[in-house]
Structure formats: structure tokens, C-alpha cells
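# A look at the structure
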Amino acid sequence: MYVVRPVDRADIGALEAMAAISMPGVHTLPRTREGVHAAVERSIASFAAQVDIPSEESYLFVLEDLRSREVLGTAIIHASAGSNGTYFAFRNDVIQQVSRDLNISHSVHALTLCSELTAYSQLSGFFVRHRDSAGAEAALLSRARLLYAMLAPHRFGDRFFVPLAGRLDPDGQSPFWNALGRKFFKMDFLEAERLIEGARNRTLIVELMPHYPVYVPLLPGDAQAALGQIHPGGQMAFDLLAQEGFEADEYIDIFDGGPILQAHKNALRSFCASHRVRVGAAPDAAPDVAPVDYAVATIDNGFRAVIVRSAPLEHASSIALPRDVQQALGVAPGDEVACVRIQGEPACS
């Protein structure tokens with residue numbers, strides 16, 4: 001059985017070992033010992049804080065195999081992007097150019113540095129070991145942090161976004177970075193990422209990045225081709241986020257040109273398609289209706305989320321949880337839990 005729960009100090013060793021693993025397609029996880037310790041302490045303080053409005057809180061979750069007690073993955077949700085500064089991204093713009101003398105009017109694709117995503121809630125740091133063989137536990141990890149946001153809406157904004165790592169070449173270099181960022185930072189892509197630890201809110205970004213529109217047609221062909229393209233290692237994360245309700249919009253990452261997905265909370269399945277039921281008897285089900293997998297999360301007494309197979313719960317008032325699941329969640333008969341389908345939930349209106 002897998003459980004997603006808030007990180008604890010006892011997980012630091014496992015997270016340090018995870019940080020040493022090659023993580024293609026992930027640029028938003030701490031990689032140093034100091035960074036791991038800081039992220040854990042910040043998360044513990046965030047969960048403990050009494051929050052009125054979203055601010056500097058950052059919530060780190062881990063995926064644990066309860067049988068082996070091994071930490072297999074991690075994911076983060078930030079209450080407010082850029083809370084330690086301004087969150088920078090490139091906005092895809094279309095600039096109209098007009099020459100009355102030549103009687104010419106046309107549109108030019110341009111990138112403009114902007115800070116419009118600042119204060120949105122941000123998902124980041126999604127990583128699962130053995131992702132090639134990962135199943136529903138990966139979906140549980142991705143969705144659990146949004147279930148937490150649904151259960152504690154005062155801790156988060158109404159809009160969420162997710163930056164996904166962009167396409168790299170076989171040498172681990174970014175064609176987009178080499179065409180643009182490298183000219184201003186004077187360092188290669190991996191060195192720049194290590195310098196800012198995946199952040200996009202450092203003052204040095206606005207100090208070095210161009211403040212004027214960058215005309216996309218003037219970029220080399222490989223840089224243009226990389227715009228909005230996902231690193232293959234991020235495909236699973238993209239698929240899970242798309243099932244949740246996120247969509248690629250008008251923003252891209254300022255370093256590697258990867259897509260930035262957005263959604264209003266009312267478009268996310270964890271908000272609009274979740275159900276609250278009580279632990280009790282199993283719901284009645286027609287004999288020809290197949291059971292489905294649900295992410296089931298605690299509402300009180302600390303957050304936990306597990307996978308439970310059940311008859312459809314759309315019109316149920318209770319869910320039957322085996323004793324080991326009740327123990328993993330810390331619930332008893334009569335307690336209320338939140339449930340949302342792992343896959344196959346109808347789209348939100």
C-alpha cells in the first residue's frame with residue numbers, strides 16, 4: 001500500500017539519496033544537502049502555521065511504500081509563487097507591425113519577460129522513482145497535493161500553475177537557453193540551473209534577462225522548435241496534470257522554453273469532482289458496474305492519502321475501508337474522508 005503524507009525530518013536521508021539520482025525532466029527539486037534540509041523545515045513550518053491568506057508557505061509531500069517503508073517520490077505545492085521575490089516567465093505575444101508607407105501589416109511572434117504569475121499557487125518538484133513502471137501511485141502523488149489544497153482553500157490562491165522542464169539535446173543542453181539565456185548569463189544551462197536551484201524569482205533574472213520583446217523568428221531553428229516542448233522525462237507529469245484539468249497557456253519557462261500549464265481551481269478535478277463520504281458500509285453497486293480506483297484523503301487529524309478500489313461513489317454517502325487502510329489514514333468508522341477518482345473522472349464544466 002502507498003500513502004502520500006507531509007514530509008517529516010525522518011525523511012531527510014531518503015530525500016538526500018533521491019537528490020543524488022539523475023532527474024531528467026525535473027528542475028524544481030532541491031539537489032544539495034542544505035537545500036533538502038531547508039525545504040523540509042520550510043514544509044514542516046508551513047503545515048504548522050495558522051494561515052489567513054496564502055503567503056510564503058511551501059508544502060512538501062512524500063510517497064511512501066508502507067510495506068517497505070521506502071520513500072519513492074516527492075511533490076511540492078507552493079502557496080504563492082515568487083513569495084520570496086517575483087516569479088518570472090516569458091509570455092507568448094503577437095506583436096502587430098504596420099508600415100503605412102509600404103502598406104504592410106503583419107504579426108510577429110515575440111516573447112516578453114513578465115511577472116504575471118506571481119502570487120499564483122505553484123506545483124513543482126514532482127518526482128517518482130522507477131517512473132517507467134509506476135502506476136496509480138504516481139497519480140496519487142500528483143493529485144494528493146491538490147486534494148490538500150481543496151481541503152484547505154484558505155492556504156492557496158484560486159489559480160494554479162505548473163512549470164514543466166523543456167526539451168534538451170543529448171548532451172543535456174537546452175537549445176532555447178543556448179540561443180537566449182546563455183548570451184546574458186554567460187554560463188551553460190546546467191550551471192545556471194544549479195546556481196538558482198530551479199527558482200524563477202531571483203533578482204539576477206530581471207537583472208540579466210532582456211526586458212524588451214524577443215522576436216522568435218530571429219532565434220535559431222532548434223530553439224524555435226523547442227518552444228513549449230516537454231522534456232521526455234516530464235511526459236508522465238504532463239499526462240497526469242492534463243487529466244487533472246491543467247492546460248498549456250500563453251507562458252513558457254524563461255530558461256529552457258518548457259511549457260507552463262495553468263488552471264483555475266474550479267477546472268481541477270480535485271476541486272470539482274471530489275466527494276466527501278463517511279467511513280462505513282460499501283455503497284450499493286449494480287452487478288455490471290466495475291469498481292474504480294479512488295484517491296482517499298483524510299480531512300482531520302493530519303493529511304494522508306491512499307488508493308482505494310471501490311464501487312462508484314458519485315451518489316454514495318459512505319465508503320468501506322479495510323482495517324489496514326483505516327490505520328494508514330488514521331480514521332475510524334463514522335469519520336469523513338475526501339475521495340476523487342484516480343482516472344476517468346468526467347471533465348469539469
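Heads up: the structure comes first, above all this text.
Everything in this summary refers to the structure shown in the same document. Only a predicted model underlies this, so the values are computations on that prediction, with no experimental measurement involved.

Turning our attention to the overall build of the protein chain. In terms of regular secondary structure, the protein chain is built from 11 helices and 15 strands. With the principal axes as the frame, the protein chain shows a C-alpha extent of 75 × 45 × 40 Å. Here the protein chain holds 349 residues, and the buried ones make up 52% of them. Put simply, of all contacts in the protein chain between residues at least 6 apart along the chain, 72% involve residues at least 24 apart. Carbon and sulfur atoms make up 50% of the accessible area of the protein chain, which amounts to about 15,800 Å² in all.

Next up on the list: the state of the cysteines. Per the counting criterion, the structure on display carries zero disulfides. With no disulfide of its own, C339 lies 15 Å from the sulfur of C272, the closest cysteine sulfur. Using a relative accessible area of 0% as the deciding quantity, one classes C339 as buried.

Within this structure, the stated rule accounts for 13 salt bridges. Put simply, D11 and R5 hold a salt bridge, and the shortest N to O gap is 2.8 Å. A relative accessible area of 5% places D11 in the buried class. Classification of R5 as buried rests on a relative accessible area of 11%. Residue D253 pairs with R200 through a salt bridge whose shortest N-O separation is 2.8 Å. Placement of D253 in the loop between β9 (247-252) and β10 (259-264) and of R200 in the loop between α6 (189-196) and α7 (203-208) is noted, with a sequence separation of 53 residues between them. Residue D253 shares its accessibility class with R200, and that shared class is buried. Where salt bridges share partners, they join R5, D11, E64 and R69 into one cluster.

This brings us to unusual backbone geometry. The phi torsion of most residues other than glycine is negative, and most of the peptide bonds are trans. With a phi close to 65°, R69 is a non-glycine residue in the positive phi region. Mapped onto the elements, R69 comes out in the loop between β2 (58-65) and β3 (70-78). The class of R69 is exposed, set by a relative accessible area of 60%. In this model, A119 sits at a positive phi of 80°, which is unusual for a non-glycine residue. On the basis of relative accessible area, A119 is assigned to the partly exposed category, the value being 46%.

Right, let's talk about helix α1 (residues 12-19) for a bit. Every buried residue of α1 is listed here: I12, L15, M18 and A19. When α1 is viewed along its axis, its buried side chains cluster within an angular range of 120° and face the same direction. Looking at the buried side of α1, the elements it contacts are α2 (33-48), β2, β3 and β6 (121-128).

Relative to the helices and strands, E247 resides in strand β9. We classify E247 as exposed; its relative accessible area is 57%. Here the alpha-carbon distance between E247 and P220, two residues 27 residues apart in the chain, equals 27 Å.

On to the nonpolar core, then. Ranked by size, the top nonpolar core spans 44 residues in total, and within it F160, F246 and F303 carry the most contacts. The element contributing the most residues to this core is helix α3 (residues 136-151), with 11 residues. Residues within four places of F246 in sequence aside, it is in contact with L123, L146, F160, F161, V162, L241, L261, Q262, A263 and L268.

Within β3, eight of the nine residues are buried, leaving the element largely enclosed by the surrounding structure. Bridge count between β3 and β6: five bridges; the pairing is antiparallel. From the neighbouring strand, H78 faces β6, where its bridge partner is Q122.

Reading guide: rules and limits
- Residues numbered from 1 in each chain as written.
- Predicted model: local features only at pLDDT ≥ 70, side-chain atom pairs only at ≥ 80, totals over all residues.
- Heavy atoms only, no water.
- Helix = DSSP H or I, 4+ residues; strand = E, 2+ residues; numbered from the N terminus.
- Buried < 20%, exposed > 50% of the residue type's maximum accessible area, 1.4 Å probe, protein only.
- Contact = heavy atoms within 4.5 Å.
- Areas by Shrake-Rupley, 256 points an atom, 1.4 Å probe, with all protein chains shown as cover.
- Disulfide = S-S within 2.5 Å.
- Salt bridge = Lys/Arg side-chain N within 4 Å of Asp/Glu carboxyl O.
- Arc of directions from axis to C-beta.
- Core = buried A, V, L, I, M, F, W, Y, C linked by side-chain atoms within 4.5 Å.
- Pairing = 2+ DSSP bridges.

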